[in-house]
Structure formats: structure tokens, C-alpha cells
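Below are the chains, spelled out letter by letter.
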Amino acid sequence: MRILVLVIVTIWICNIVSPAQNVHRVKDINFTGNEIIPDDELLGQMNTQPKKSIEKIFFWKKRPDFIKSVLDEDINRLSDYYNRNGFLSPEVSFTLDSSGSGRLISIKIQISENDYVTIGNVATQLTGDRITSALLDSLKPHLPVRQGERFRDVDVYDSEKLIRRTFSDHGYPFTTVSHKINLNKDRLSASVDLETDAGKRSYFGDVTITGDSVIPERFIRKYVVFSKGGLFRQSSIDTTQQDIFNTDLFQYVVIASRKDSVQNDQIPVEIIVKELPRWKLEAGAGYGTEDKLRLAAEVTKINFLGGARRLIVNGKTSYFIPFSLDVRFIQPDFLTRKLDLILNPFFLREREINYKIDRMGGSIRFVYQFRNNISTHFSYSFERDRLLELNDLQIDPSELRHNKSVFTLGGTLNSSNDPFYPSRGNKIDGTASLAGLGYSGAVHYYKIDLSYIRYLSFAKDVILATKLHAGFLETTRSGQRTPIEERFYLGGASSLRGWGRHRISPLSETGLALGGNTMAEASAELRFPIYELLHGAIFTDAGDVWYPSYHIDLKTLHYDAGLGLRVRTPIGPVRLDFASPVINDGFRLQFFISVGNAF
């Protein structure tokens, strides 16, 4: 019996171990002979993939399996890809080279691209009227398929899409486009004929609204930018859908043009909406090296008091904000469309390095949305402030308690492509505040804060983010100082990362941070992928804070440099940053854990 059991176990182990010993893995893939189509583009067509160079630091991560049949399919796919890109007779082959152990395979792909086909004559044929003829003529210079260029299938298909999309946006949603390609192999030339049938000119028909929603229909119709009898435009449908969704009242918005129910050249349109839950509770907890333990909760009631109004109650606590309670009542489309009224009572306790402060008050704010990415706001706020625990700061007793009456005007332009992981676009923010006007304002100053952020994409998931930020604060009453809680400070997880929070500041005689009336900073951060959800960053920051207003001395700037890791999550990246002062300041490593991009 023992011998039988031993034999069975031995056979089982051999069956498990032997296949593992025969597994081959991809060491690398190299291309030779490809002069026109780059390596990355060819590798993107293959299922066989090597381990990315930056992934090699994870030595425990296994290399991808090598499967001969998959590689054979990849070689055929590469030949087809060359054909679609104008190459008539490409030659694609491969050789394999195994390492000493025989388990790591280097793949060398040899390519002879040979001659390619260029585009000869591009002809456009139209079945339509004078309007569509003029429309097609205006499109010809912008078609992706152009005479003299290398032939590519994708350019032909993109040209068809451009014609259909443009015609659909000018009252011709039934436009059809087809193509004919005549190849002259001797001349390595292909003529392209694009045949367009514009179809009937169409108009919007009845607009109906259906779905699960108690939001009044009249409110939704405010966002419909087309009406019955108007010329059919696909862009009007897209704009309406986006505007309704941007109200933050609906889970989804679908707009269907019923092209199969046309009557008298009018196309009925159905808007289908599903409302968000009327009550929503969100709560969260987190930890950061600055805020320590963070707790937050928010309750939202949509359609509060009817009319698509919203009530939002938010509470949170952390080390620097021991307690915060914020209530917002939002009245959309106040007086006119795209203008929101926001009433905001609040109580806030802040704890900084050298003081604590209680703020209690409220504001009335008007927000106007010019476009999806451009908005402006105007607000009036009144608050009572009480300074606590001043840590030996020499402040006049009259400054410990004061009222603030503040008017603020600001604007935002955000053309970035993603709220959590932007890879291109710009963000421009600016605010100007004037304190001392209105009821019982005890402090008088004006404050300007400007920032500019730009995102550039150099390769797949390799992003350069840059930031410029400046601020100015000045009292409007002689003999009065600016409030210490309104002054500028730098340093921290989202500022100069070589220093702790608010460590960049003019100092008192005892070395305590006083804050400044002028601030300037700049940052650059290169973000790149490492493995799956893990990304890295290399960054540098520069900046300083000066006590006099409108005083900038570039000779006193502080500089830092550092490295970071980011883990992608649905709510933004979890950041781990290591940074140190450089140039004029001694080496001193600073460490941050936080959520969200630095900028």
C-alpha cells in the first residue's frame, strides 16, 4: 500500500511540476527593418507582449507567457496592419532566441516594408441640393484622406464619419456615405471616390420627456436648446444631454431621435431621465501625514422644497480642521438659466501652527456657467472670527475678535480632460476679494489670488503637469494690519513639498510664522506609469512668501525636489511623496501621504 501511495504521489507531482518547467516566457521583442511604422505602433497590434521596462523593478512579477500559436497570429496581424496602411507586399517574419535555461524567449521580428501606395485623385460625388453641395465643398480641405499622402484605411473611414457628422449637424441626419478605391499597382497609386447621399432635410418634431423623476418637466425643458420645427442638429441634442446631466440631479440622461417615426420631415425626440436618489448619504475616513485622521459625512436632499432645489449638509473633522459644519441651499436657474443661487451658513474651527480660529457666518453666492468649462461667481459673506491660542504671537487685543464683510468676484476656466487624472488641458482660477464694505466690517483689505495649471501628454500615461500660483493681500486702511488668518503661507503636501505645512512664511522674533502679504510659487511634476494602478512622479517646487504687499524677491526663493508614488483609486490618486529642500537650504527629507493630485 505504501508503495502504491508513493507511486501515485510521484505521478501527481510530475504532472504538476513538469508543465511548469516547460513554460516559456517572453524576455523581449525587437523589431528590425521598419522605417515608417514605429515599434510602439506595431507592438500595439500584438497580443504577445514583453514585460515593460519600468515593470522590471518588480522582479517577483512573472514575465508574460510565450505561446507560439499566439505569435503566429500576431505575425499575420502585422501583415494585415501594413496592408491597411498602404503597403502592398510587406514581409514579416520572426526568429526566436532562448536564454541558457531555455525558458526566456527573445523574439526578433524582421520586417521588409517595401513600397507603399499613395493617394491619387480624391473625388467626391453628391446626391443632394445646392445647400449640401456648398457644405461638401467646405469640407473637402478638411478631409483626412488627401492626395499625395500614404494610403491608410482609417483616413477613408474618418472622412466618411466627418461627412456624416457634419451633414447631420446641418439638418441631414439620414446622410449615407460610401467609398470606392481604384488601385493602380504599377504606379503604386490609389484613387478614392467618396459617394454621398444627403437624404431629406429634416427638422425637430415633438419633444417628449419620460423616465423616473419628480423633477418638474418645465425645469428640464429649460435646458432643451431645440424646439419643434427647428432644423435638426445633432450638436443641439448633444448639448442638451450634457446640460441636463450637469445639473447633478440625474443618474443618466438619454436623448433618442426617433428617425423611424418621421412625419412631414419632422423627427420626434424623446428625452429619457432617471433621477438620483432623493436622499443621499456619503461618509468617509482617511489618513494623511498633515491632517492625520480625517472623518467626513455629507447628506444631500434633491428637489428640496420642489423646483429641483438641493440642500447639502456637510460635516468633517481632522487635525487642522477640528470641526466644520457647512450647509448649502442651491436654487438652480435663479432669475435666468445657468445662474445658480447658493446660500451657505457655516461654522468652522481651524488649527494652524501658531493659532486657532473660530469662524461663524454665512454667504450668498451667485454662480453663472457660461459653458461646461467656464464659470464666474460673485458672492457676499459675513463672518465673526475669534482668534484662540496665539502661541505668544504679539497681536493687538482688538484683532482677536473681528467681523468680516467681504465681496468676492472670481472665475474659472477648466479645459482639462479628466477631474481625477488629467493628461491634457489647462486650469485657470482667479479671485479678487474686498473686505470692509457692508454691515459691521471691522477689517479692511483686498486680496487677489491667481493660479494657472497646464497638463501635457508626451506618451501613453506620461504627463507633465506645471503650476504657477501668485497672491497679493493689502490693507485699505492706514494703521491697520491684514488679518493673520488671511495671509499667505507655503509648504505642505500640495505646496512646497520639501517643507511641512505653512513652514514657508515670514517669522516673528521668536520664530513663529506670521504669514505674508505676497506669495509666489511654481511647480513641475512628471507623472509616469509603473505597473497597473501604480504610478510614479518626479517633481520640483519653488516659491516664497514675503510680508510686504506686492514685493517679490527672486533671490530668496526656496527650492525643493522629490520623488513620489501614486496608487489610482476611483476618488483620485493616493499620494506618497518624498521631498527635500535643495540649492540654498540644507538636505532634510520630508514625507507626505495624501489623497488627490498636488495640482
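Residues numbered from 1 in each chain as written. Predicted model: local features only at pLDDT ≥ 70, side-chain atom pairs only at ≥ 80, totals over all residues. Heavy atoms only, no water.

J.: For this particular structure, what's the right way to read the pairing of strand S23 (residues 558-567)?
T.: One face of the sheet, then the other: side chains in a regular strand alternate in exactly this way. Of the two faces of S23, only one is covered, namely that formed by His558, Asp560, Gly562, Gly564 and Arg566; the face formed by Tyr559, Ala561, Leu563, Leu565 and Val567 stays uncovered. The pairing of strand S22 (residues 534-546) with S23 spans 10 bridges and is antiparallel. Considered in S23, the bridge of Thr540 is made with Ala561. Taken together, the 9 bridges between S23 and strand S24 (residues 574-582) define a ladder with antiparallel strand orientation. When the sheet's bridge partners are listed, Gly564 is paired in S24 with Asp577. Linking S23 to S24, which pair antiparallel, is a turn of 6 residues; within it Gly572 sits at a positive phi near 115°. (Buried < 20%, exposed > 50% of the residue type's maximum accessible area, 1.4 Å probe, protein only. Helix = DSSP H or I, 4+ residues; strand = E, 2+ residues; numbered from the N terminus. Pairing = 2+ DSSP bridges.)

J.: Explain unusual backbone geometry to me, please; I cannot follow it from the model alone.
T.: Glycine aside, residues mostly have negative phi angles, and peptide bonds mostly take the trans form. The residue Asn114 is not glycine, and still its phi comes out positive at about 60°. The topology assignment puts Asn114 in the loop between strand S3 (104-112) and strand S4 (118-127). The backbone of His502 sits at a positive phi, close to 60°, despite the residue not being glycine. Mapped onto the elements, His502 comes out in the loop between strand S20 (462-475) and strand S21 (518-531).

J.: Got a minute to help me understand the pairing of S20 in this structure?
T.: Pairing analysis gives 14 bridges linking strand S19 (residues 445-459) to S20, with the strands arranged antiparallel. If you follow Tyr455 over to S20, its bridge partner there is Ala465. In sequence, S19 turns back onto S20 through a hairpin of 2 residues, with Asp461 there showing a positive phi of about 65°.

J.: So what exactly am I meant to see when it comes to a nonpolar patch on the surface here?
T.: Taken together, the side chains of Trp279, Leu281, Val299, Val313, Phe323 and Leu325 present a nonpolar region at the surface, about 580 Å² in accessible area. Residue assignment for the nonpolar patch shows that the elements contributing at least two residues are strand S10 (279-288) and strand S13 (323-331). Relative to the assigned elements, Val299 resides in strand S11 (residues 292-302). (Patch = residues over 30% accessible without salt bridge, like charges linked within 9 Å, V, L, I, M, F, W, Y side chains within 5 Å. Areas by Shrake-Rupley, 256 points an atom, 1.4 Å probe, with all protein chains shown as cover. Salt bridge = Lys/Arg side-chain N within 4 Å of Asp/Glu carboxyl O.)

J.: I tried to follow the sheet that holds strand S9 (residues 266-275) on my own but got confused; where do I start?
T.: In any sheet, the strands associate via hydrogen bonds between backbone groups, in a parallel or an antiparallel arrangement. The strand order across the open sheet formed by 3 strands is S7-S9-S8, and the pairing between neighbours is mixed. Two strands in the sheet have a free side with no partner beyond their single neighbour: strand S7 (203-212) and strand S8 (250-257). Neighbouring strand axes in the sheet, compared pairwise and without regard to direction, differ in orientation by 15° on average. Sheet topology places S8 next to S9; 7 bridges connect them, and they run antiparallel. (Axes fitted to C-alpha atoms, helices over the stretch in contact; angles between N-to-C directions.)

J.: Explain the nonpolar core to me, please; I cannot follow it from the model alone.
T.: A general trend in soluble globular proteins is that nonpolar side chains are found buried together. Membership of the largest hydrophobic core comes to 22 residues, with the highest contact counts inside it found for Ile220, Phe250 and Ile271. Sorting the residues of this core by element identifies S7, helix H6 (217-221), helix H7 (234-245), S8 and S9 as the ones contributing at least two each. The element best represented in this core is S9, accounting for 4 residues. Excluding anything up to four places from it in sequence, Phe250 contacts Ser213, Ile215, Ile220, Ile244, Phe245, Val273, Lys274, Glu275 and Leu276. (Core = buried A, V, L, I, M, F, W, Y, C linked by side-chain atoms within 4.5 Å. Contact = heavy atoms within 4.5 Å.)

J.: Explain the side chain of Thr300 to me, please; I cannot follow it from the model alone.
T.: With respect to the helices and strands, Thr300 occurs in strand S11. On the accessibility criterion, Thr300 (8% relative accessible area) is buried. Sequence-distant contacts of Thr300, that is, excluding residues within four places in its chain, are made with Arg278, Trp279, Lys280, Leu311 and Ile312.

J.: Before we go on, may I ask you to explain the packing of aromatic side chains in this structure?
T.: We describe a pair of aromatic rings using the distance from one ring centre to the other and the angle between the two ring planes. Per the stated rule, a full pass over the model turns up 15 aromatic pairs. A ring pair is formed by Tyr319 and Phe320, whose centres lie 5.0 Å apart and whose planes are at 90°; its orientation type is edge-to-face. Clustering of aromatic rings is evident, with ring pairs tying together Tyr82, Phe87 and Tyr116. Sitting over the face of the ring of Phe539, Arg497 holds its NZ or CZ atom 3.8 Å from the ring centroid. Over the ring of Phe320 we find Arg501; its NZ or CZ atom is 4.1 Å from the centre of that ring. (Phe/Tyr/Trp six-rings, centres within 6.5 Å; stacked < 30°, edge-to-face > 60°. Lys NZ or Arg CZ within 6 Å of the ring centre and 35° of its normal.)

J.: Please clarify how the sheet that holds S3 should be interpreted in this entry.
T.: Across the sheet, which stays open at both edges, the 3 strands sit in the order S1-S3-S2 with mixed pairing between neighbours. Here the strands that pair on one side only, and so sit at the sheet edges, are strand S1 (25-32) and strand S2 (91-98). On average, each strand axis in the sheet is inclined to that of its neighbour by 20°, with strand direction left out of account. Where S2 meets S3, 8 bridges bridge the pair, whose relative direction is antiparallel. What sits directly across from Thr95, in S3, is Lys108. Contacts between helix H3 (residues 68-84) and the sheet are confined to S1, S2 and S3, with S2 contributing the most and set at about 150° to the helix.

J.: Explain the packing of helix H4 (residues 130-139) against helix H5 (residues 153-168) to me, please; I cannot follow it from the model alone.
T.: Between two packed helices, what matters for the description is the angle formed by their axes and the separation of those axes. It is the contact of H4 with H5, at a shortest axis distance of 11 Å, that shows an interaxial angle of 135°. Here H4 lies oblique to H5, going by the angle between them. For the pair H4 and H5, the crossing hand works out as right-handed. Residues Thr132, Leu135, Leu136 and Leu139 of H4 form the contact with H5, whose participating residues are Leu162, Ile163, Thr166 and Phe167. Residues belonging to the contact of H4 with H5 are distributed by class as follows: 6 nonpolar, 2 polar and no charged. (Parallel < 35°, antiparallel > 145°, perpendicular 65-115°, else oblique. Left-handed = near helix turned anticlockwise from the far one by under 90°. Nonpolar A, V, L, I, M, F, W, Y, C, P; charged D, E, K, R; others polar.)

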